[in-house]
Amino acid sequence: MSVLDCFKQASRRLLAQDQNSLFTGSDPFQIKMQTIITEAALDLAQHHDWMALTKQCMLTTDGSTSDFDLPSDYGRMLVKADVHSSIWSVNYQAVRDLDEWTQLQRFMPSTIPGYWVIYGGQMHLMPVPRVDENPCFWYVSNNLVKDADGTQKPLFTTDTDIFLLDEQLLTLAMIWRWKQAEGLDYQEDMQNYEIRLSQIATKDHGSLPIRSNRRGINRLGIWAIVR
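Note that the coordinates shown come from a computational prediction; the quantities given were computed from them, not determined experimentally.

### Notes on helix 3 (residues 98-106)
Looking at helix 3, one finds that the buried residues are E100, W101 and L104. Projected onto a plane normal to the axis of helix 3, the buried residues spread over an arc of 105° and lie on a single side. Facing away from the buried side of helix 3 by more than 90 degrees, the exposed set consists of D99 and R106. Looking at the packing, one finds that the buried side of helix 3 touches strand 6 (115-119) and strand 7 (122-126). Near the N-terminus of helix 3, the side chain that reaches the backbone nitrogen of D99, with its oxygen 3.1 Å away, is that of D97.

Dropping the structure here:
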């Protein structure tokens, strides 16, 4: 179902009208809905680690590089994010903040396989990973849409674009957000949206965006095992 189909369903509910276009239209209703659809899609992507948006990145290591560019479609790490080594049975540990990273750079402890942090559009590892260690991690892509040719992209730009997540969720989001923007009563519509969102997220096996203060087993002093 295209984004235009979602827009048509919402329009029938809201105005009892059919709409023949969305991104090529100049009607105030169409223009406002373009913004609402974009906001709704971006918010949905942040709500859950959706399996449809989840991808794996493998870093190619040469024994001298410790800073790696993130994938071009990188959106964010999974809520329960780990960086996995291909030769150690334990994972790289995420630093708490950049201050801890600075301290580690100055006083590097003998920890296996090491630590990771993301800043400046790169994944940084410490110490320098071995040749062909090739650590990997899972991430959420920022490509939420695909066009008629199947090419993925971050946002809707044409009427034939297809949402990579649940289209009914997008339609329900359009309805309550438009009513809210118009100063109308939207509570029941938002509740319908939230019920559907909870149902879809429960069936999906990604993690919810609630971070726990997990500490890695390396910090507990447990010996790592080479694979």
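### Description of the sheet that holds strand 6
Pairing is mixed across the open sheet formed by four strands, whose spatial order is 2-7-6-5. Strands with a single pairing partner mark the edges of an open sheet, and in this sheet they are strand 2 (67-69) and strand 5 (93-94). One ladder, built from two bridges, connects strand 5 with strand 6; its direction is parallel. Paired with A94 across the bridge in strand 6 is W116. Across the sheet, helix 3 touches strand 6 and strand 7, and the angle it forms with strand 6 is around 130°.

### Let's talk about the nonpolar core
Ranked by internal contacts, the top residues of the largest apolar core, which has 39 residues, are M33, L53, F156, F163, L170, M174 and Y193. Secondary structure elements with two or more residues in this core: helix 1 (3-15), helix 2 (28-47), helix 4 (167-181) and helix 5 (187-203). Beyond its immediate stretch of four places on either side in the chain, Y193 contacts L44, L169, L172, A173 and W176. Core analysis: the second largest hydrophobic core is formed by 14 residues, L59, A81, Y92 and M123 among them.

### A look at the side chain of Q93
Along the chain, the position of Q93 falls in strand 5. Accessibility expressed as a relative area gives 7% for Q93, which makes it buried. Reaching out from Q93, the side chain makes a polar contact with the backbone oxygen of N91 at a distance of 2.8 Å.

### Examining the side chain of R177
By the secondary structure assignment, R177 is in helix 4. Other than its neighbours up to four places away in sequence, R177 contacts I36, E39, A40 and D43.

### Things to note about the sheet that holds strand 10 (residues 152-153)
Judged by pairing direction, the sheet is antiparallel, and its three strands sit side by side in the order 10-9-11 without closing on themselves. Whereas interior strands pair on both sides, the edge strands pair on one side only; in this sheet they are strand 10 and strand 11 (162-163).

### So, the pairing of strand 8 (residues 136-141)
Across the six residues that make up strand 8, a large majority, five, are buried. Here five bridges tie strand 1 (residues 54-58) to strand 8, and the two strands are oriented antiparallel to one another. What sits directly across from K55, in strand 8, is Y139. Two strands pair when backbone bridges link them, and strand 3 (residues 74-77) and strand 8 are joined in this way by three bridges, in the antiparallel orientation. Looking at the pairing, Y74 lines up with S141 of strand 8. Here two bridges tie strand 4 (residues 83-84) to strand 8, and the two strands are oriented antiparallel to one another. When the sheet's bridge partners are listed, H84 is paired in strand 8 with C136.

### Re the pattern of salt bridges
Taken as a whole and judged by the stated rule, the model has 10 salt bridges. Ionic pairing is found between R12 and D18, a salt bridge with its closest N-O pair at 2.6 Å. The shortest N-O distance in the salt bridge between E182 and K32 comes to 2.4 Å. Linking E182 in the loop between helix 4 and helix 5 with K32 in helix 2, this pair joins segments that are 150 residues apart in sequence. E182 sits in the partly exposed class, given a relative accessible area of 37%. In this structure K32 comes out as partly exposed when scored by relative accessible area, which is 31%. Within this structure, R13, K179 and D189 form a network of salt bridges that share partners.

About the cut-offs
Numbers given for residues are sequential positions, taken from 1 along each chain in its written order. Since the coordinates come from a predicted model, pLDDT governs what is reported: local features require at least 70, and pairs of side-chain atoms require 80 or more to be given and counted, while whole-chain, interface and lining totals use all residues. Water and hydrogen atoms play no part in the side-chain values, which are based on all heavy atoms of the structure. The cut-offs for exposure are 20% and 50% of the maximum accessible area for each residue type, with area from a 1.4 Å probe on protein chains only; residues under the lower value are buried, those over the upper are exposed, and the others partly exposed. Where helices and strands are cited, they refer to DSSP runs of H or I of at least four residues and of E of at least two residues respectively, numbered from the N terminus. Note that the arc is defined by the directions from the helix axis to the C-beta atoms. What makes two residues a contact is simply this: any of their non-hydrogen atoms within 4.5 Å. Here a polar contact means two N or O atoms within 3.5 Å. Within protein one must be a hydrogen donor candidate and the other an acceptor candidate, and residues neighboring in sequence count only if both atoms are side-chain atoms. One bridge is not enough; two strands pair if DSSP finds at least two bridges between them. Fitted lines through C-alpha atoms serve as axes, helices being fitted only where they are in contact, and the angles separating the N-to-C directions of these axes extend from 0 to 180 degrees. As used here, the term nonpolar core means buried Ala, Val, Leu, Ile, Met, Phe, Trp, Tyr and Cys residues forming a set that is joined through side-chain atoms within 4.5 Å. Any carboxyl oxygen of Asp or Glu that lies within 4 Å of a side-chain nitrogen of Lys or Arg is treated as forming a salt bridge with it.

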